[in-house]
Amino acid sequence: MELHAPGGPVAVGDAIRCSCLLAPACVHRAAAATLAPIADAPATALADAPTSAPEDAPTAALADASTSASADAPASALADSPASAPTDTSDRPSLPGHAQPSRPGPAQPEVPPPSPAAEPSVPPPPSTEAPTPTPTTPAQTAAAEALWQAAGLVLEAGVDGAGAVLQAGLLRAAHSARLAALPRPAAAAIRTVNGLRAARAAEPDHRTSELADALKELLATAHGLRHPGTPEAHAALRGTARRAYAPGGSLRLYGLFTEPVLTSTGHAGVVTWTADAAGRLCTVPDMAPGGPTRARTAGDRAVRMGDTALTHRDLARAGLVVSGAIVPADKRLGAGRSVRAAAATGADWTDEPLAALWSVPVAEQAARALATGQDLLFLDVTLTGVAREAGGDCLLAECGGLTVRLTSADDHPELAHRENLALLATAPGTRVRAIARLVPAGHPRAALLAVGLPTGRYDLGLDRLQRQDVTPRTPPTPTPASLPEPAPIPVLPTPSAPLHILRRRTEQMVVAGRHALTYTAPTRQHATAPRGTTAPPTTTPPDTALLRAVGLSTAAELLDALRRSAAERGRDGFGRLGAADTDAFARVRLATARYLDEASIALCREAWQT
């Protein structure tokens, strides 16, 4: 929203500009005009205003009131002013018996009177330039402090102790953050409350890792806004409540695949991924409140863009010509009134321009995904076997000399991901062109989204593979009875990742609070050391000792710091335990989460390079 007021007050309606899709007929302009205070009228205008008007000329009064932006300026000054256009008032009614004020007064040339020749005026297009970041206000700092304190109490209590009182405190802080224009930390607080409720209700789709990520986001944004920083850094921490759309001109898009989406906020739908001739990715979403049923069926809905009748399934294998496109920063295409779209022919994954996506080296794709957040990988793989892990089986595939673990993108039983992955596991040696999403780990790992087989292209979340789709078309060579049977598919263990020790402790802390980190060393019975000898060494927790043994000294120090901050509690004058220091505990927890993120990214980048 932008208010153009060079002279102080907003004089015309076109000075209120909005960058949304419905502008200039959106309600945001009306809301801004309603909330803005009314400018004070000059005293001379109030003195010369008529005390009464004829009952038969209400329209004339409104017309005379709008003929000049400055009611106290003389008519001759307005007529002779070079900043004003000639005005023809011969066809306008006037108040009988009332003349224009002739008393001189201070003129305001910077707000010229509107010209009838320019009516109706066309509002200027929304500015595509990014607004200048503003410093954080004291009210926003106070709201961030309230979020930090509420998050610290939740972190100390854990899921088991975060009942209605702590949840209400966090929701109150989130509401204050929204009022203070802090949408990003407020959204993280809402996700944290939803995760707490799902965990306490034992919902089947709850994931402790998702709750830990939401709490980490809340702590990081609130902590950054509490301390001084550059306006650019604080603007990123505050976030934006609404995407800024920019004109994208004409686009020629080619469909890639359609992905079903289920969110923790109660929304569901599909997102269709497309690419233009230069290989730039854009998405066409269809999200609305709903559950797994909507995610499964939204692919058969028509794309809400222009007059095209393509469904999302059709668009994944066809093309689209868009004129007047509206493209935000996240490349999620908008569907405004000015957007025109028509169906066009698509391209196969083996044909240009889509084939260029698979020509980029895998290591370069992984580095780009870690640096920019564009986490799609385009892989040519050969299925080799199955690996058994604690969370379930995953596919092993050979890709450019790397052994990549392909996992399910979503384990919900109403989606087809897990079933299709199990069917692909029965066809070792199959050559597959795949689209996957990078999963940061200490080994090459990706979530499988779509595959290209000899029988066609399949979206693994919506389409269900059949046995004939993965069975080789050429019959296998018969094996003589004298030859031994082929060896079974190898089952490989999960590669060793020492960081999982620290990550497991942080997730346990999310569930049980600070009590999950209290460690009591086993008592050792020993004789008193003779004089001149050293005392027996203090017992070290086994997980800390293991981290130091593999060279992760920083991880070991952070784990020790977590335990110390969890155990430190002061005492009052009577020796009674006082309140715990939630601020120090939350700061160490945030430092541990940041270390895990950076270490995981570094290990993942190194794994895809080898």
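Keep in mind that what you see is a predicted model, and the values were worked out from it rather than measured.

**Topic: the overall build of the protein chain**
If you tally the helices and strands in the protein chain, you get 19 helices and 16 strands. Relative to its 610 residues, the protein chain shows a buried fraction of 39%. Total accessible area on the protein chain stands at roughly 33,000 Å², and carbon and sulfur atoms take up 57% of it.

**A closer look at the pairing of strand 12 (residues 445-453)**
The side chains of a regular strand alternate, residue by residue, between the two faces of the sheet. For strand 12, a buried count of 9 out of 9 residues is recorded, marking the element as mostly surrounded by other parts of the structure. Note: strand 10 (residues 402-408) against strand 12, 4 bridges, orientation parallel. Directly across from Thr-407, in strand 12, lies its bridge partner Ala-447. Relative to strand 12, strand 11 (residues 431-438) is paired through 6 bridges, and the arrangement is antiparallel. Residue Ile-435 lies in a different strand from strand 12, and its bridge partner there is Ala-450. Hairpin connection of strand 11 to strand 12: 6 residues between the antiparallel strands. Taken together, the 4 bridges between strand 12 and strand 13 (residues 456-459) define a ladder with antiparallel strand orientation.

**Let's talk about a nonpolar patch on the surface**
On the surface, Met-1, Leu-3 and Val-10 cluster together into a nonpolar patch covering about 260 Å² of accessible area. Inspection of the secondary structure puts Val-10 in the loop between strand 1 (2-3) and strand 2 (16-17).

**Side note on the pattern of salt bridges**
Per the stated rule, a full pass over the model turns up 26 salt bridges. Taking the shortest distance from any N to any O, the salt bridge between Arg-437 and Glu-259 comes out at 2.9 Å. Residue Arg-437 is found in strand 11, and its partner Glu-259 is found in strand 3 (residues 246-262); the two are separated by 178 residues along the sequence. Asp-463 is paired through a salt bridge with Arg-317; the nearest N and O atoms lie 3.1 Å apart. Of this pair, Asp-463 sits in the loop between strand 13 and helix 15 (467-470) while Arg-317 sits in the loop between helix 11 (312-315) and strand 6 (319-327); the two residues are 146 residues apart in sequence, bridging distant segments of the chain.

**Observations regarding the nonpolar core**
Judged by nonpolar contacts, the single largest core of 39 residues is most densely connected at Leu-147, Leu-155, Leu-170, Leu-215, Leu-218 and Leu-219. At the level of elements, helix 5 (138-161), helix 6 (164-179), helix 7 (183-200), helix 8 (208-226), helix 16 (499-512), helix 18 (553-567) and helix 19 (582-609) are the ones that each hand at least two residues to this core. Of the residues forming this core, the biggest block, 9 residues, is contributed by helix 5. Residue contacts for Leu-219: discarding those within four places in its chain leaves Trp-148, Ala-151, Leu-155, Ala-586, Arg-589 and Leu-590. Counting residues in hydrophobic clusters, the runner-up holds 34 residues, among them Leu-370, Leu-423, Ala-446 and Leu-448.

**A few points about a negative patch on the surface**
The grouping of Glu-203, Asp-205, Glu-210 and Asp-213 at the surface amounts to a negative patch. Within the secondary structure, Glu-210 is located in helix 8. Given a relative accessible area of 47%, Glu-210 falls into the partly exposed group.

**Details of the packing of aromatic side chains**
Summed over all chains, the structure comprises 3 aromatic pairs. Residues Phe-257 and Trp-273 carry aromatic rings whose centres are separated by 6.2 Å and whose planes lie at 10° to one another, so their mutual orientation is stacked. Taken together, the residues span a long stretch of sequence, with Phe-257 in strand 3 and Trp-273 in strand 4 (residues 267-275) at a distance of 16 residues. Residue class for Trp-273 comes out buried when judged on its relative accessible area of 12%.

**Describing the packing of helix 8 against helix 19**
Interhelical geometry of helix 8 versus helix 19 gives an angle of 115° and a closest axis separation of 10 Å. Looking at the two axes, helix 8 sits roughly perpendicular to helix 19. Where helix 8 crosses over helix 19, the handedness of that crossing is left-handed. Packed against helix 8, whose contacting residues are Ala-212, Lys-216, Leu-219, Ala-220, His-223 and Arg-226, the element helix 19 presents Asp-583, Ala-586, Arg-587, Arg-589, Leu-590, Ala-593 and Asp-597 at the interface. Counted by class, the contact of helix 8 with helix 19 contains 6 nonpolar, 1 polar and 6 charged residues.

**Here we look at the environment of Thr-544**
By secondary structure assignment, the location of Thr-544 is in helix 17 (residues 542-549). Every residue in contact with Thr-544, bar those within four places of it in the chain, is listed here: Ala-556, Leu-559, Asp-560 and Arg-563. Within polar-contact distance, the side chain of Thr-544 engages the side chain of Arg-563 at 3.2 Å.

**Examining helix 13 (residues 362-372)**
Considered for burial, the residues of helix 13 that qualify are Val-362, Ala-363, Gln-365, Ala-366, Ala-369 and Leu-370. Down the axis of helix 13, the sector holding all buried residues measures 160°, keeping them to one side. Seen from the buried face of helix 13, the exposed residues on the opposite side, beyond 90 degrees, are Ala-371 and Thr-372. Where helix 13 is buried, its residues meet helix 12 (355-358), strand 8 (376-389), strand 9 (392-399), strand 11 and helix 19. Gly-373 sits one or two positions beyond helix 13 and adopts a positive phi of about 85°.

**Section: the environment of Leu-166**
Tracing the chain through its elements places Leu-166 in helix 6. Note: C-alpha distance between Leu-166 and Leu-153 (13 residues apart in sequence) is 7.2 Å. With near-sequence residues (within four places) excluded, Leu-166 lies in contact with Leu-153, Val-154, Ala-157 and Gly-161.

**Focus on the environment of Gly-324**
Relative to the assigned elements, Gly-324 resides in strand 6. When the C-alpha atoms of Gly-324 and Val-339 are compared, they prove to be 4.9 Å apart, with 15 residues separating the residues in sequence. When neighbours within four sequence positions are excluded, Gly-324 is seen to be in contact with Gly-249, Ser-338 and Val-339.

**Some details on unusual backbone geometry**
Note: most residues except glycine have negative phi, and most peptide bonds are trans. With an omega of 10°, the peptide bond between Glu-352 and Pro-353 qualifies as cis. For Pro-353, the location among the structural elements is in the loop between strand 7 (340-344) and helix 12. In this structure, Ala-181 is a non-glycine residue whose phi angle is positive, near 65°. Relative to the helices and strands, Ala-181 resides in the loop between helix 6 and helix 7. In this structure, Ala-202 is a non-glycine residue whose phi angle is positive, near 55°. By relative accessible area, which is 65% here, Ala-202 ends up exposed.

Analysis parameters
Residues numbered from 1 in each chain as written. Predicted model: local features only at pLDDT ≥ 70, side-chain atom pairs only at ≥ 80, totals over all residues. Heavy atoms only, no water. Helix = DSSP H or I, 4+ residues; strand = E, 2+ residues; numbered from the N terminus. Buried < 20%, exposed > 50% of the residue type's maximum accessible area, 1.4 Å probe, protein only. Areas by Shrake-Rupley, 256 points an atom, 1.4 Å probe, with all protein chains shown as cover. Pairing = 2+ DSSP bridges. Patch = residues over 30% accessible without salt bridge, like charges linked within 9 Å, V, L, I, M, F, W, Y side chains within 5 Å. Salt bridge = Lys/Arg side-chain N within 4 Å of Asp/Glu carboxyl O. Core = buried A, V, L, I, M, F, W, Y, C linked by side-chain atoms within 4.5 Å. Contact = heavy atoms within 4.5 Å. Lys, Arg positive; Asp, Glu negative; His and termini not counted. Charge placed at Lys NZ, Arg CZ, Asp CG, Glu CD. Phe/Tyr/Trp six-rings, centres within 6.5 Å; stacked < 30°, edge-to-face > 60°. Axes fitted to C-alpha atoms, helices over the stretch in contact; angles between N-to-C directions. Parallel < 35°, antiparallel > 145°, perpendicular 65-115°, else oblique. Left-handed = near helix turned anticlockwise from the far one by under 90°. Nonpolar A, V, L, I, M, F, W, Y, C, P; charged D, E, K, R; others polar. Polar contact = N/O pair within 3.5 Å; in protein donor to acceptor, adjacent residues only side chain to side chain. Arc of directions from axis to C-beta.

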